[in-house]
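Secondary and tertiary structure notes
Below, each chain spelled out in residue letters.
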Amino acid sequence: MKSETETLLLQNAVPIIDLENTIEDVATNLREALSEKGYALLINHGISNEKIKKAWKYFDGFVDLTDEVKLAFERSKAPDGENHGYVSPGMERFDGRTPELRHAYNICKLQDKFLPEQQLPGFSRHINSLVDDFNELGRFILKALAISLDAPPSFFTDKHSFMLSDDRFNLTTLRMLFYPPVEDQDHGRSFIRCGAHADYCTFTLLAQDSEGGLEVKLRGSDKWERVGHLPGALFINCGETMAIWTDQFYHALQHRVVIPDQVDIRHRGRHSIAYFCHPDNSALINPKDLNITTKQTTSDVIQNAYDITMALAKGAFAHHYS
Ligand SMILES: O=C(O)CCC(=O)C(=O)O
Ligand SMILES: [Fe+2]
């Protein structure tokens, strides 16, 4: 039997993409990684690890606030309500059954009044600065993705103009996550850290502070595989919007976060931050705009980015857009 600690990283099976290379090289690497495996790890991506760690420290401060204060920032419970806000452990269930043991804060609005700035002085400025970094990296990735698909370099950036600048026009979200340590009495089949799903966006960038149970299903496979942890690297995967745009050439990666069996990992909490990069709400997602030869289009109905995401969110139990 394979050891639980066997990871894709240890098997040298994870594409690692160095963003200090030329954008053409990055595009070539992304094309290979995303069309074959559906994910990669990005290194030299320019986002400071210290800045990410400081965001997690702020989020620890938020999690330590009383429930009463935290719930004042709670995300709407309406399926088509706003995505911005705090999600308490157990509130979301991707599979409709299994409660997810995590604290999440979906950040879609950056003004002080929508953030726990009073309780955690400096939170808002720090998150705003981190969002600037993610948006800058996001635009670089969008450009590389356009080049990777032989489209004009501004093909995607033109359709992602309002990322985290106005949530009325764009659903891009920075999600702070903390998975608390799982005590022995809670270790069983009735909880998961994050249920199996694919994201809805164009692509996701994920920072994680430790090996904590992130698993993926490779294209065409039914087997869950543990990714492993490369300190400082960002995990990238595509979401359903990109899958529709490229006629599944870049598919939406199935992933989940399990509660690890290894006691030392399970007893440790885990932090992550996900940046879900979405097109502007009104952008039409038309595969015919991209010159991809492996066409699998079954429908001629062209939807805008907002409708695609909302349809997916409504199909998922108690989850909003990501
Ligand atoms: O925390 C993680 O590693 C993954 C979280 C995730 O997949 C999500 O929130 O969509
Ligand atoms: Fe996800």
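Whatever comes next refers back to the structure up there.
The following refers to the structure shown. Just so it is clear, the model here is predicted, and its values are computed rather than measured. (Residues numbered from 1 in each chain as written. Chains lettered and ligands numbered in written order. Predicted model: local features only at pLDDT ≥ 70, side-chain atom pairs only at ≥ 80, totals over all residues. Heavy atoms only, no water.)

Taken together, the buried positions of helix H7 (residues 305-315) are Ala305, Ile308, Thr309, Met310 and Ala313. Looking at the buried residues of H7, the elements they touch are helix H5 (240-245). Among the residues of H7, the N-terminal cap falls to Asn304, whose side-chain oxygen and the backbone nitrogen of Tyr306 are separated by 3.1 Å. (Buried < 20%, exposed > 50% of the residue type's maximum accessible area, 1.4 Å probe, protein only. Helix = DSSP H or I, 4+ residues; strand = E, 2+ residues; numbered from the N terminus. Contact = heavy atoms within 4.5 Å. Polar contact = N/O pair within 3.5 Å; in protein donor to acceptor, adjacent residues only side chain to side chain.)

The next thing to look at is the sheet that holds strand S1 (residues 16-18). Read across the sheet, eight strands follow the order S1-S2-S10-S7-S12-S5-S4-S3 without closing on themselves; strand pairing throughout is mixed. Bordering the open sheet on either side are S1 and strand S3 (85-87), each of which pairs with just one other strand. Geometrically, the sheet is characterised by an average inter-axis angle of 25° between neighbouring strands, direction not taken into account. Here strand S2 (residues 39-43) runs beside strand S10 (residues 234-238); their pairing, made up of four bridges, is antiparallel. Of the residues in S10, the one forming a bridge with Leu41 is Phe235. (Pairing = 2+ DSSP bridges. Axes fitted to C-alpha atoms, helices over the stretch in contact; angles between N-to-C directions.)

Bringing the sheet that holds strand S9 (residues 224-226) into the picture now. Pairing is antiparallel in the open sheet, where four strands are placed in the order S6-S11-S8-S9. A strand with exactly one partner marks an edge of an open sheet, and here the two such strands are strand S6 (194-197) and S9. Pairs of neighbouring strands in the sheet enclose a mean axial angle of 25°, with direction left out of account. The pairing of S6 with strand S11 (residues 254-257) spans two bridges and is antiparallel. Residue pairing for S11: His197 is matched across the bridge by His255.

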